[in-house]
Amino acid sequence: MVYPNEAPVDGYVTKGISKNNKNIIHAGINIASKFKDSVESPLPGIVVLADRNDDLGNMIILHHQNNFFTIYGFLDTILVKVRDLINKGQIIGKVGDDDLGPNLYFEIWKDNQVIDPRNLINNYKEKDVSIRQEK
């Protein structure tokens, strides 16, 4: 099965997924990176959302084969638009800066289940400086 196993941006995981009694509190990871670093798609896909959101600022949602979705938040710049077909490795946006400093918020979903990107992307497993809070 093809799945999103490439890092969208180089950096260190500073905050992981957190759950409380199986309720998801933080569905993605935060990746400390350089401001305006390129954010790349880990797989080919189609843009289903490219807009501003109250919680995640500038954000993008991509739909990939095998019903995977990837979500990117806290972007400085969005370089794609809804219905764009995206290639693997294509630059879709630029890392933004928020109260945590320059970072990318990143989620992976398979159907309706959250998947921890650290379980699929070796680079993030190795560069994880967060404290795991899953229960």
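Everything below is about the structure shown above.
Residues numbered from 1 in each chain as written. Predicted model: local features only at pLDDT ≥ 70, side-chain atom pairs only at ≥ 80, totals over all residues. Heavy atoms only, no water.

Enquirer: For the overall build of the chain, give the residues involved together with the corresponding values.
Expert: For the chain, the helix and strand inventory stands at one helix and 12 strands. Along the chain, helices (α) and strands (β) appear in the sequence β-β-β-β-β-β-β-β-β-β-β-β-α when read from the amino end. Its C-alpha radius of gyration of 14 Å places the chain within 12% of the 14 Å reference for a compact globule of 135 residues. Dimensions of the chain along its principal axes, counting C-alpha atoms only, are 40 × 35 × 30 Å. Surface summary for the chain: the accessible area is close to 7,300 Å², and the carbon and sulfur share equals 47%. Of the side-chain charges in the chain, 16 are positive and 18 negative, and the distance between the mean point of each set is 4 Å. (Helix = DSSP H or I, 4+ residues; strand = E, 2+ residues; numbered from the N terminus. Rg over C-alpha atoms; globule rule 2.2 N^0.38 Å. Areas by Shrake-Rupley, 256 points an atom, 1.4 Å probe, with all protein chains shown as cover. Lys, Arg positive; Asp, Glu negative; His and termini not counted. Charge placed at Lys NZ, Arg CZ, Asp CG, Glu CD.)

Enquirer: Summarise the pairing of strand β3 (residues 23-26); cite the residues concerned and give the values.
Expert: In this structure, strand β2 (residues 18-20) lies alongside β3, joined through three bridges in antiparallel fashion. Residue pairing for β3: K19 is matched across the bridge by I24. (Pairing = 2+ DSSP bridges.)

Enquirer: Lay out the pattern of salt bridges in plain terms, naming residues and giving numbers.
Expert: Scanning the entire structure with this criterion turns up seven salt bridges. In this structure, D10 and K127 form a salt bridge, with 2.9 Å as the shortest nitrogen-oxygen distance. Taken together, the positions of D10 in the segment before β1 (12-15) and K127 in the segment after α1 (122-126) put the pair 117 residues apart, joining distant regions of the chain. By relative accessible area, D10 is classed as partly exposed at 49%. Between D116 and R118 there is a salt bridge, and its shortest N-O distance comes to 2.7 Å. The exposure class assigned to D116 is buried, which follows from its relative accessible area of 6%. For R118, a relative accessible area of 0% puts it in the buried group. (Salt bridge = Lys/Arg side-chain N within 4 Å of Asp/Glu carboxyl O. Buried < 20%, exposed > 50% of the residue type's maximum accessible area, 1.4 Å probe, protein only.)

Enquirer: Summarise the side chain of R118; cite the residues concerned and give the values.
Expert: The topology assignment puts R118 in the loop between β12 (113-115) and α1. Side chain to side chain, R118 and D116 meet in a polar contact 2.7 Å long. A polar side-chain atom of R118 sits 3.0 Å from a polar atom in the side chain of D128. (Polar contact = N/O pair within 3.5 Å; in protein donor to acceptor, adjacent residues only side chain to side chain.)

Enquirer: Can you lay out the packing of aromatic side chains for me, pointing to particular residues and giving the numbers?
Expert: Per the counting criterion, the structure on display carries two aromatic pairs. Relative to F106, the ring of Y72 lies with its centre 5.3 Å away and its plane at 40°, an arrangement referred to as tilted. Of this pair, Y72 sits in strand β8 (residues 68-78) while F106 sits in strand β11 (residues 101-110), placing them 34 residues apart in sequence. On the basis of relative accessibility, which here comes to 0%, the residue Y72 falls in the buried class. Judged by its relative accessible area of 0%, F106 is buried. Both rings, one in F74 and one in Y105, keep their centres 6.0 Å apart while their planes meet at 65°; by these two values the pair is edge-to-face. Of this pair, F74 sits in strand β8 while Y105 is found in strand β11, placing the two residues 31 residues apart along the sequence. The class of F74 is buried, set by a relative accessible area of 18%. In this structure, K110 is placed above the aromatic ring of F68, and the distance from its NZ or CZ to the ring centre is 5.4 Å. Between K127 and the ring centre of Y12, over which it is positioned, the NZ or CZ distance is 5.2 Å. (Phe/Tyr/Trp six-rings, centres within 6.5 Å; stacked < 30°, edge-to-face > 60°. Lys NZ or Arg CZ within 6 Å of the ring centre and 35° of its normal.)

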